[in-house]
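Structure assessment
Letter by letter, the chains look like this.
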Amino acid sequence: MDYENAAELLKIMGHPTRLRILMHLKNENKCVKNIWESLSLPQANVSQHLILMKNKGILDSERKGSQICYFLNNDNVMNILKYLEDSSNGRNQ
């Protein structure tokens, strides 16, 4: 196990805003406007977090006309999110 990379991944995911964004993207691609509107967060704040996660290889994006849509592209992150969701639903206790 590469402990340095694992710790960096958990550090990035550990920020409450980034975790909310990741959970929001878990099941489908979303454009930036949809993300910040549905999470009631400032657009600039969401954009900064999205760029950071894209640069770290957690997310990827595609342009759809004038909008940029983001999606998860990291299986480890998907597995962690599933575990967190299952834990909050009482399945991993």
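Quick summary incoming for the structure in this document. What you see is a predicted model, and the numbers here were worked out from it, not measured in a lab.

Here is what the cut-offs are and how they apply
- Residues numbered from 1 in each chain as written.
- Predicted model: local features only at pLDDT ≥ 70, side-chain atom pairs only at ≥ 80, totals over all residues.
- Heavy atoms only, no water.
- Helix = DSSP H or I, 4+ residues; strand = E, 2+ residues; numbered from the N terminus.
- Pairing = 2+ DSSP bridges.
- Core = buried A, V, L, I, M, F, W, Y, C linked by side-chain atoms within 4.5 Å.
- Buried < 20%, exposed > 50% of the residue type's maximum accessible area, 1.4 Å probe, protein only.
- Contact = heavy atoms within 4.5 Å.

**Focus on unusual backbone geometry**
- Despite not being glycine, serine 40 has its phi angle at roughly 55°, a positive value.
- Position of serine 40 among the secondary structure elements: in the loop between α3 (32-39) and α4 (43-55).

**Remarks on the pairing of strand β2 (residues 59-64)**
- For β2 and strand β3 (residues 67-72), the ladder comprises 6 bridges, and the chain directions are antiparallel. Residue pairing across strands places aspartate 60 opposite phenylalanine 71, the latter belonging to β3.
- Where β2 folds back on β3, the antiparallel hairpin that results is connected by 2 residues, among which glycine 65 adopts a positive phi of roughly 65°.

**Some remarks on the nonpolar core**
- Counting residues in hydrophobic clusters, the biggest one holds 19 residues, and the most contacted among them are Leu22, Leu50, Ile58 and Leu59.
- Those elements that place two or more of their residues in this core are α1 (3-13), α2 (16-25), α3, α4, β3 and α5 (75-88).
- Sequence-distant contacts of leucine 22, that is, excluding residues within four places in its chain, are made with Met13, Met53, Ile58, Leu59, Leu72, Val77 and Leu81.

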